[in-house]
Amino acid sequence: MSKMLQVKNPATGELVQEVRINTEEEILETLKKGDAAFKDWSKVNAHERSRLLKKWANHIQEHKAEIAKVMTMESGKPINESLGEVDYATSYIDWYAEEAKRIYGRTIPANTESKRIVVTRQPVGLVAAITPWNFPAAMMTRKAAPALAAGCSFIVKPAEDTPLTTIRLVEIAHEAGIPEDVVQCVNGYGSEIGELFTNSDYVRKITFTGSTPVGKHLIKNSADTVKHVSMELGGHAPLIIAEDADLHFAVQQTMSSKFRNAGQTCICANRVLVHENVAKEFSDRLVEEVAKLKVGDGLDKQTQVGPVINERGFEKVVSQIDDATKKGAEVLCGNQFDGNREAGYFFIYPTVLGNVSEDMKMMQEETFGPVVPITTFKDIGEAVQIANSTPYGLAAYFFTNDYRTGSYLHENLDFGIVGWNDGAPSAAHAPFGGMKESGLGREGGIEGIEPYLETKYLSVGGL
Ligand code: NAP
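Here the structure is a predicted model, which is why all the values come from computation and not from measurement. (Residues numbered from 1 in each chain as written. Predicted model: local features only at pLDDT ≥ 70, side-chain atom pairs only at ≥ 80, totals over all residues. Heavy atoms only, no water.)

## Some points on the site of the ligand
Here is step 1: Close contacts around the ligand come from 31 residues, with Thr 131, Trp 133, Glu 160, Ser 211 and Glu 366 the closest.
Here is step 2: Take Lys 157: an N or O atom from its side chain is 3.1 Å from an oxygen atom of the ligand.
Here is step 3: Calculation on the ligand without its partners gives an accessible area of 900 Å², and the protein chains cover 88% of this total.
Here is step 4: Of all the secondary structure elements, the ones that give two or more residues to the shell around the ligand are helix H5 (138–150), helix H7 (190–199), strand S8 (203–209) and helix H8 (212–222). (Near = heavy atom within 4 Å. Polar contact = N/O pair within 3.5 Å; in protein donor to acceptor, adjacent residues only side chain to side chain. Areas by Shrake-Rupley, 256 points an atom, 1.4 Å probe, with all protein chains shown as cover. Helix = DSSP H or I, 4+ residues; strand = E, 2+ residues; numbered from the N terminus.)

## Details of the packing of helix H3 (residues 64–75) against helix H6 (residues 163–175)
Here is step 1: Put simply, H3 and H6 touch, their axes get as near as 8 Å, and they point 155 degrees apart. Viewed along their axes, H3 and H6 adopt a mutual orientation that is roughly antiparallel. In contact with Glu 66, Ile 67, Val 70, Met 71 and Glu 74 of H3, H6 contributes Pro 163, Leu 164, Thr 165, Arg 168, Leu 169 and Ile 172.
Here is step 2: Here the residues of the contact of H3 with H6 are counted per class, giving seven nonpolar, one polar and three charged. (Axes fitted to C-alpha atoms, helices over the stretch in contact; angles between N-to-C directions. Parallel < 35°, antiparallel > 145°, perpendicular 65-115°, else oblique. Contact = heavy atoms within 4.5 Å. Nonpolar A, V, L, I, M, F, W, Y, C, P; charged D, E, K, R; others polar.)

## Examining the packing of aromatic side chains
Here is step 1: For the structure shown, the criterion picks out seven aromatic pairs.
Here is step 2: With 5.6 Å between their ring centres and 90 degrees between their planes, Trp 133 and Phe 368 make a pair best called edge-to-face. Of this pair, Trp 133 sits in the loop between strand S5 (126–130) and H5 while Phe 368 sits in the loop between strand S15 (351–354) and strand S16 (371–377), and the two are 235 residues apart along the sequence.
Here is step 3: For Trp 133, a relative accessible area of 17% puts it in the buried group.
Here is step 4: For Phe 368, a relative accessible area of 16% gives the class buried.
Here is step 5: The structure contains a cluster of three or more aromatic residues connected by ring pairs, namely Phe 314, Phe 337 and Phe 346.
Here is step 6: If you follow Lys 77 out to its NZ or CZ, it ends over the ring of Phe 135, 3.9 Å from the centre.
Here is step 7: Just above the ring of Tyr 452 sits the side chain of Lys 205; from NZ or CZ to the centre is 5.2 Å. (Phe/Tyr/Trp six-rings, centres within 6.5 Å; stacked < 30°, edge-to-face > 60°. Buried < 20%, exposed > 50% of the residue type's maximum accessible area, 1.4 Å probe, protein only. Lys NZ or Arg CZ within 6 Å of the ring centre and 35° of its normal.)

## Looking at the pattern of salt bridges
Here is step 1: Counting across every chain of the model gives 25 salt bridges.
Here is step 2: Glu 443 serves as the salt-bridge partner of Lys 143, at 2.7 Å between the closest nitrogen and oxygen. Separated by 300 residues along the polypeptide, Lys 143 in helix H5 and Glu 443 in the loop between strand S21 (439–440) and strand S22 (453–460) bring together distant segments of the chain. (Salt bridge = Lys/Arg side-chain N within 4 Å of Asp/Glu carboxyl O.)

## A word on the side chain of Thr 209
Here is step 1: Locating Thr 209 in the fold gives a position in strand S8.
Here is step 2: For Thr 209, a relative accessible area of 6% corresponds to the buried category.
Here is step 3: At a separation of 2.7 Å, a polar atom in the side chain of Thr 209 contacts the side chain of Lys 143.
Here is step 4: Apart from residues no more than four positions distant in its own chain, Thr 209 is found in contact with Ile 130, Thr 131, Pro 132, Met 139, Lys 143, Glu 232 and Glu 443.

## Focus: the domain arrangement of the chain
Here is step 1: Considered domain by domain, the chain is made up of domain 1 (4–233 + 438–460) and domain 2 (237–427).
Here is step 2: A C-alpha centroid distance of 30 Å is found between domain 1 and domain 2.
Here is step 3: Listed as interface residues are 28 residues of domain 1 and, on the opposing side, 31 residues of domain 2.
Here is step 4: The contact between domain 1 and domain 2 buries some 2200 Å² in all, and 57% of this surface belongs to carbon and sulfur atoms.
Here is step 5: Among the residues domain 1 hides against domain 2, the three largest losses belong to Pro 10, Trp 133 and Ser 438. Together they make up 23% of the total.
Here is step 6: On the surface where domain 1 and domain 2 come into contact, there are 10 residue pairs in polar contact (both at pLDDT 80 or more).
Here is step 7: Each residue belonging to the side of domain 1 that touches domain 2 can be placed in one class, and the counts come to 10 nonpolar, 11 polar and seven charged. (Domains from an automatic or database assignment. Buried area = accessible area lost by both parts, 1.4 Å probe.)

Here is the structure:
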């Protein structure tokens with residue numbers, strides 16, 4: 001009998017749908033088909049690939065409400081955010097549909113009259129993607145769109161918790177005319193499918209979004225066949241409020257950075273560092289706003305903060321809050337939970353903690369929950385030192401209207417994405433990705449198609 005994944009709604013514990021786990025034989029067959037499809041798809045001209053990608057984007061938009069509802073049911077994300085994610089996911093397809101037509105080579109002047117030097121770009125081959133549950137649509141299209149635009153074929157394994165959105169996006173791609181073997185989806189357990197992907201000679205590139213430990217494992221396992229790897233891994237974003245910051249604006253931006261998807265985004269502010277002279281005022285204003293947030297089932301349009309994804313996520317956040325309060329953190333609001341393992345729902349009420357110190361777990365590890373830990377600094381050099389004291393380097397934010405402070409922070413923060421008076425920097429047209437243990441490569445922008453391309457150099461002699 002087939003083994004099934006039980007996709008459950010983390011707001012209610014109800015079964016949303018069962019999804020069949022693919023057997024090893026099926027997955028190996030999928031890889032073989034993907035490799036064969038690459039040979040044809042890579043020959044389709046760029047304008048036709050672009051046309052099909054645009055059709056896919058349009059079809060997704062036609063099914064926007066349906067996709068958003070599925071996403072909310074499987075992930076708990078508030079419906080307005082799911083609708084926003086469908087747009088965000090579509091924006092990557094739109095962007096790379098255009099970039100498909102701009103994969104340029106170059107000619108290089110030779111050092112002799114008898115030679116010509118030509119550089120061309122070609123797709124790397126079959127791409128295998130592994131995606132997380134926190135953005136089930138956008139993390140898939142951010143990989144699939146540049147891969148298909150470049151002429152690669154593509155196989156995705158979505159997270160066990162949220163396969164339904166991805167399955168639907170792949171169906172819609174086929175309905176839009178992208179050949180079935182060019183974009184495929186397989187379902188099952190990450191550790192097992194990851195091995196099949198990394199061991200396969202058909203797969204020329206692994207692209208992964210998820211946790212840093214799994215990313216490291218995939219990098220190691222890709223070494224034997226020297227695959228290309230792109231890694232979008234964990235984050236531990238600092239958000240710095242300088243003494244001169246516009247506090248009203250900074251509070252608004254902190255809210256949008258922190259509480260989107262119940263704090264389960266890799267770039268959300270994980271540590272808030274406030275200049276000691278404005279810490280009290282900032283904290284009071286923030287608590288006033290946080291207390292207004294409506295927590296509930298994401299299908300209710302009024303909900304602003306949904307549940308966290310599962311029991312593991314719930315326990316991690318609760319234990320971090322517990323650790324912080326035991327070590328002296330002051331609860332400014334929240335610290336309430338409504339989780340029920342048997343029933344299968346997992347709510348954490350938005351929490352703000354003051355008097356936070358660096359020895360607390362939440363100042364060292366990614367939290368992935370609706371919790372704001374606030375610590376203070378005396379001068380901007382100290383803020384940079386605290387911000388950079390982490391192996392992660394994905395996103396950092398700062399709020400200042402002083403150009404010298406801003407320039408100093410921009411130059412000294414070791415993070416791949418920096419928001420200056422901006423708590424929401426992600427965009428299809430900009431390069432997203434991390435430094436240090438937050439990743440390898442970039443997704444989005446002109447940089448985002450590069451990892452799907454090889455460079456070929458032709459030297460013609462005897463002319
Ligand atoms: P995770 O455990 O690493 O899971 C992510 C994906 O990897 C899932 O599809 C999972 O499959 C799969 N997986 C698990 N173990 C694997 C293995 N041994 N080999 C191959 N694949 C494996 O991450 P998570 O905790 O669910 O997701 C949150 C993490 O993603 C956070 O660290 C967050 O910062 C990061 N993230 C990063 C970005 C970015 O752009 N940098 C964006 C979003 C999220 P199963 O579901 O079957 O276990």
